[in-house]
Amino acid sequence: MKSRVLAALAAGSLLTVPLVAAPAHAAAASAHSKPSIDSVQSVAEGLVGPLKVAFGPEGSYLVAEAFGGILSSISTDGTRQVLVSAPGKEIAGVSHDRGNTYYFENLAGTDEDPQAEGPALVKAIDAQGSTRSLADLFEYEVAHDPDGQTLYGVRDASPECLALAPYLQTHGEVYSHPYSSVPAANGLYVSDAGGNALYHVAADGTVTLLRTMPAEPIKITEQVAALAGKMGLSFPECMMGLDYWAQPVPTDITVHKQWLYYTVLPGVPGEGLSMGKVYRMNLHSKVTQLVATGLNAPTGVAVDDRGRVFVAELFGGGVGAIRHSESMTVLPVPMASDVAIDGTRVAVTANALTPSGTLLSARIAR
């Protein structure tokens, strides 16, 4: 089962997910000094599902207001300019580089059909304000379905046991939901939260698969079964002690030097079990390393110029910094959906699933 959080976001819904708190750990965390964030200010309020933020031209902030189908440019004094208005669509994955603003225009789902099938457009606005479509990732998904051969669910159950709950074994569906982007040479990197994949989309629209995410194992315990039951997923007794292989939903990406960092929010039931992770992939060798685990619905990741990793935890304590094998909250805010860093400047979107989302600015203290 796909992440209920991301499915709800695609449908523009508010959602409360039961969580089981757990300490965060990091396997390849930065060894730099403990970061401190200060000068926190509210830049804008009343935003409609501000799920992604990026720094724009002339010190501005770019905010993807997913639930309203809006891409906004917000100045440092809070003045808001609507760059894109697409009612009935989801606007996501905003990023900016060299005069170009990139974003996704996805077919928005509904509460009845949150995983709506349809165009998943990668778009760019140039410095003159002209908009063009680079690629349709739904077309790529239909043609290639990168995780179509991945077996999700309970892999090791006996035929008799699986017959009690055949819905607990599925393959990746044809579904594209591009969710985050970061500019790259001759295009941009994209994480697709529907296709469970990372792509490079070139300026000419060529789509190259970088990585298909492997399923995330979750041991089926009494605690896991109880929580899954609240999410509509029922495990028969014969599956207790086995692994449930959850969909590995990538929710954000960023690049630091030769590494592409990305957050993963395991689908049901992992999203409610503090099982979110940060990985990094070497862009040259494609070697992948685990950076942090035990995170509460990580939906944003940023790395400062000293290599320190920051994570926005949608259902955690706010923005955390990964250091010495643990995640520490350095900016406590509710429902932190994204974090962006430019030098010492920090931008955070918060209260993302409430009727009035907020944009915050801050500084990393030196």
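See above for the structure.
Overview of the structure. Bear in mind the structure is a predicted one, so any value in this text is a computation, not a measurement. (Residues numbered from 1 in each chain as written. Predicted model: local features only at pLDDT ≥ 70, side-chain atom pairs only at ≥ 80, totals over all residues. Heavy atoms only, no water.)

Pairing in this open sheet of four strands is antiparallel, and the strands run 6-7-8-9 from one edge to the other. At either margin of the open sheet sits one strand with a lone partner, and together these are strand 6 (89-97) and strand 9 (131-136). Averaged over all pairs of adjacent strands, the angle between their axes in this sheet comes to 25°, without regard to strand direction. Contacts from helix 2 (residues 137-144) reach strand 8 (120-125) and strand 9 within the one sheet, and its direction differs from that of strand 9 by about 10°. (Pairing = 2+ DSSP bridges. Helix = DSSP H or I, 4+ residues; strand = E, 2+ residues; numbered from the N terminus. Axes fitted to C-alpha atoms, helices over the stretch in contact; angles between N-to-C directions. Contact = heavy atoms within 4.5 Å.)

Okay, the sheet that holds strand 17 (residues 243-246) next. On the basis of which strands lie adjacent, the open sheet formed by four strands has the order 11-10-17-16 and antiparallel pairing. Pairing within the sheet leaves two strands with one partner each, and these edge strands are strand 11 (169-171) and strand 16 (216-219). For this sheet, the mean angle separating the axes of adjacent strands, direction not counted, is 25°. Bridge count between strand 16 and strand 17: four bridges; the pairing is antiparallel. If you follow Glu216 over to strand 17, its bridge partner there is Ala246.

Moving on, we get to helix 2. Within helix 2, the full set of buried residues consists of Leu137, Phe138, Tyr140 and Glu141. Buried positions in helix 2, seen along its axis, are confined to an arc of 155° and lie on one side of it. Across helix 2 from its buried face, at more than 90 degrees, point the exposed residues Glu139 and Ala143. Close packing links the buried residues of helix 2 with strand 8, strand 9, strand 12 (178-184), strand 13 (187-192), strand 14 (197-202) and strand 15 (207-212). The N-cap of helix 2, judged by a side-chain oxygen 2.9 Å from the amide nitrogen of Phe138 a few residues on, is Asp136. Two residues or fewer after helix 2 comes Asp145, characterised by a positive phi angle close to 40°. (Buried < 20%, exposed > 50% of the residue type's maximum accessible area, 1.4 Å probe, protein only. Arc of directions from axis to C-beta. Polar contact = N/O pair within 3.5 Å; in protein donor to acceptor, adjacent residues only side chain to side chain.)

This model, assessed by the stated rule, comprises eight salt bridges. Here Asp252 makes a salt bridge to Lys52, at a shortest N to O gap of 3.2 Å. Of the two residues, Asp252 sits in strand 18 (residues 248-256) while Lys52 sits in strand 2 (residues 50-55), which places them 200 residues apart along the sequence. Accessibility assignment for this pair places Asp252 and Lys52 in one class, buried. Salt bridges sharing common partners tie together Lys89, Glu105 and Lys123. (Salt bridge = Lys/Arg side-chain N within 4 Å of Asp/Glu carboxyl O.)

A large share of strand 24 (residues 318-323) lies buried, amounting to five of its six residues. Between strand 23 (residues 309-313) and strand 24, which pair antiparallel one after the other, the connecting turn spans four residues.

Now for helix 4 (residues 222-230). When we look at burial in helix 4, the residues that qualify are Val224, Ala225, Leu227 and Ala228. Summarising the axial view, the buried residues of helix 4 lie within an arc of 165°, below the 170-degree limit, and thus occupy one face. Opposite the buried face of helix 4, at more than 90 degrees from it, the exposed residues are Glu222 and Lys230. Contacts from the buried residues of helix 4 go to strand 16. Positioned one or two residues after helix 4, Gly232 has a phi angle of 85°, which is positive.

This brings us to the side chain of Ser72. Mapped onto the secondary structure, Ser72 falls in strand 4 (residues 70-74). Residue Ser72 is classed as buried on the basis of its relative accessible area of 0%. Polar contacts involving the side chain of Ser72 include one to the side chain of Arg80, which spans 3.1 Å. Not counting residues up to four positions away in its chain, the partners in contact with Ser72 are Tyr61, Leu62, Val63, Glu65, Arg80, Gln81 and Leu83.

This part is about the packing of aromatic side chains. In total, this model carries four aromatic pairs according to the counting rule given. Relative to Tyr61, the ring of Phe55 has its centre 5.7 Å away and its plane inclined at 40°; by these criteria the two rings are tilted. Of the two residues, Phe55 and Tyr61, neither departs from the other in class, the shared state being buried. With 5.6 Å between their ring centres and 80° between their planes, Phe235 and Tyr244 make a pair best called edge-to-face. In terms of burial, Phe235 and Tyr244 fall into one category: buried. Over the ring of Trp245 we find Arg155; its NZ or CZ atom is 4.2 Å from the centre of that ring. (Phe/Tyr/Trp six-rings, centres within 6.5 Å; stacked < 30°, edge-to-face > 60°. Lys NZ or Arg CZ within 6 Å of the ring centre and 35° of its normal.)

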